[in-house]
Amino acid sequence: MKNRLLTLLPALVPPALVLPLACAGGDGADGGAGNPRFLSMGTAPVGGAFPVVGGAIAEVLNDNRGENNWRVQPRGTKGSQENIRRLARGELELAMSNSAISYFAVLGESGWEQSYDIRAVATLALAGKRAMVGVAGAGFEMFVEPLLAAHGVTYDDFTQVYGTQSGAVDMLGDGSIDAAFLGGAVPTGAVTQASSTHDIVFLPFDEEKRQQLARDYPFFQLATIPADAYSDLAEDYPGLNVGSMHLITYADADEELVYQITKTIWENRQAIAEKHPAGRAINEANVARNTGTPFHAGAERFYREIGIWPEAGG
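Predicted model, so just to flag it, every value in this text is computed and none were measured.

K.L.:
I keep staring at the overall build of the protein chain and nothing clicks. Help me out?
P.N.:
When helices and strands are counted, the protein chain shows 10 helices and 12 strands. Buried positions account for 54% of the 314 residues belonging to the protein chain. Carbon and sulfur atoms make up 48% of the accessible area of the protein chain, which amounts to about 12,600 Å² in all.

K.L.:
How should I be thinking about the side chain of Arg289 in this particular structure?
P.N.:
Summarising the element assignment, Arg289 is placed in the loop between α9 (269-275) and α10 (297-305). Here Asn286 takes part through its side chain, which lies 2.5 Å from a polar atom of the side chain of Arg289.

K.L.:
Please clarify how helix α8 (residues 255-267) should be interpreted in this entry.
P.N.:
In an α-helix, one full turn covers 3.6 residues, which means residues spaced three or four apart are oriented alike. With 13 residues, α8 should cover 18 Å at 1.5 Å per step; its first-to-last C-alpha distance of 18 Å lies within 8% of that length. The opening residue of α8, the one whose side-chain oxygen lies 3.2 Å from the backbone nitrogen of Glu256, is Asp254.

K.L.:
How should the packing of aromatic side chains be read in this particular structure?
P.N.:
The relation between two aromatic rings is expressed through the spacing of the ring centres and the mutual angle of the planes. For the coordinates displayed, the defined rule picks out 12 aromatic pairs. Ring geometry for Phe205 and Tyr237: centres 6.5 Å apart, planes at 55°, overall tilted. Linking Phe205 in the loop between β9 (198-202) and α7 (207-216) with Tyr237 in strand β11 (residues 237-241), this pair joins segments that are 32 residues apart in sequence. Counting every residue linked through ring pairs, the aromatic cluster contains Tyr103, Phe104, Tyr217, Phe219 and Phe220. Just above the ring of Trp266 sits the side chain of Arg269; from NZ or CZ to the centre is 3.9 Å.

K.L.:
Any chance you could explain the environment of Asn268 here in plain terms?
P.N.:
The residue Asn268 is located in the loop between α8 and α9 in this model. The sequence separation of Asn268 and Gly279 amounts to 11 residues, and the corresponding C-alpha distance is 9.9 Å. When neighbours within four sequence positions are excluded, Asn268 is seen to be in contact with Val60 and Asn64.

K.L.:
Just to check I follow, could you spell out the sheet that holds strand β2 (residues 37-42) for this structure?
P.N.:
Neighbouring strands of a sheet are bound in pairs by backbone hydrogen bonds; such pairs are parallel or else antiparallel. Read across the open sheet, the three strands follow the order β3-β2-β4; overall the sheet is parallel. A single partner strand is all that each edge strand has here, and the edge strands are β3 (70-75) and β4 (94-95). Here six bridges tie β2 to β3, and the two strands are oriented parallel to one another. Counted as the bridge partner of Arg37 is Trp70 from β3. Docked against the sheet, helix α1 (residues 50-63) engages β2 and β3, running at close to 165° with respect to β3. Sheet strands touched by α8: β2 and β3. Its angle to β3, the strand with the most contacts, is close to 75°.

K.L.:
Where do I start with the packing of helix α2 (residues 80-88) against helix α3 (residues 99-107) in this structure?
P.N.:
When two helices pack together, their arrangement is given by the angle between the helix axes and by the axis-to-axis distance. Interaxial distance between α2 and α3 falls to 10 Å at its minimum, and their mutual angle equals 45°. As summarised for this structure, α2 and α3 are arranged oblique, according to the angle between their axes. Along this stretch, α2 crosses α3, giving a crossing that reads as right-handed. Contacts between α2 and α3 involve Ser80, Gln81 and Ile84 from the former and Ile101, Ser102 and Ala105 from the latter. Looking at the contact of α2 with α3 residue by residue, the class counts come to three nonpolar, three polar and no charged.

Here is what the cut-offs are and how they apply
Residues numbered from 1 in each chain as written. Predicted model: local features only at pLDDT ≥ 70, side-chain atom pairs only at ≥ 80, totals over all residues. Heavy atoms only, no water. Helix = DSSP H or I, 4+ residues; strand = E, 2+ residues; numbered from the N terminus. Buried < 20%, exposed > 50% of the residue type's maximum accessible area, 1.4 Å probe, protein only. Areas by Shrake-Rupley, 256 points an atom, 1.4 Å probe, with all protein chains shown as cover. Polar contact = N/O pair within 3.5 Å; in protein donor to acceptor, adjacent residues only side chain to side chain. Expected span 1.5 Å × (residues − 1). Phe/Tyr/Trp six-rings, centres within 6.5 Å; stacked < 30°, edge-to-face > 60°. Lys NZ or Arg CZ within 6 Å of the ring centre and 35° of its normal. Contact = heavy atoms within 4.5 Å. Pairing = 2+ DSSP bridges. Axes fitted to C-alpha atoms, helices over the stretch in contact; angles between N-to-C directions. Parallel < 35°, antiparallel > 145°, perpendicular 65-115°, else oblique. Left-handed = near helix turned anticlockwise from the far one by under 90°. Nonpolar A, V, L, I, M, F, W, Y, C, P; charged D, E, K, R; others polar.

Right, dumping it as structure tokens:
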């Protein structure tokens with residue numbers, strides 16, 4: 001019989017997929033005529049969706065580059081915050097991040113030491129307890145804290161434990177923690193693992209607070225996790241998408257490069273979806289949706305050309 005665990009899972013729909021692009025730096029230099037341009041992509045620790053989805057996108061970009069002589073190389077990192085900072089330092093050309101984290105990075109708020117001039121390319125929670133709140137430095141608190149605050153809880157009300165999502169499952173099993181914030185593109189590997197080895201409880205949102213969060217923050221979207229997504233989910237779960245799939249880039253990134261990457265991903269979105277269900281978020285209703293980060297001119301140009309740019313509010 002599986003161990004029974006009380007698990008806080010308020011954010012089990014796709015986190016933001018962020019693929020920031022720098023104009024130069026890292027391994028992204030063009031070696032000259034006929035030589036490939038290497039683009040390093042920062043992902044995250046194993047257990048979440050970032051490494052899987054990032055790998056799928058890199059593979060699709062490489063397999064469908066056409067005349068674009070790039071080579072995208074996924075790299076494991078600590079996650080969103082490290083990715084954005086390494087992007088700014090020119091150590092990465094591409095990186096994945098959560099759109100809530102990107103949102104506050106643009107503003108230079110909620111712990112960011114400066115504003116990061118990034119642009120979107122594609123748009124794709126205990127008192128006295130110990131709860132896993134993600135990898136230290138990854139920036140989970142940027143969407144976890146608003147969730148907690150809406151329900152009258154702060155970080156002072158429980159002990160924060162930091163680590164990977166797969167590590168959280170092990171710690172839930174041995175009683176090292178009481179709850180965990182686990183999230184990612186549905187189905188998320190760590191949640192599937194937890195459901196298969198333990199009896200877990202999906203804690204519900206206060207519906208009024210869920211609705212208010214979606215109104216107050218552009219990176220939160222109302223979303224429902226279907227009952228068949230995880231074995232311990234008895235019925236559809238009214239949740240929040242804590243960040244949509246999106247590509248970001250610095251404002252001064254080459255417009256034509258951003259245009260071509262946007263075009264390649266869009267035209268091969270089915271191939272990405274075949275590698276991970278999160279790829280289904282790359283669609284007409286979602287890909288150009290505003291999450292609080294302005295879109296890059298190259299991406300906007302492509303979406304206008306194919307007629308899906310949302311004129312009212314973008």
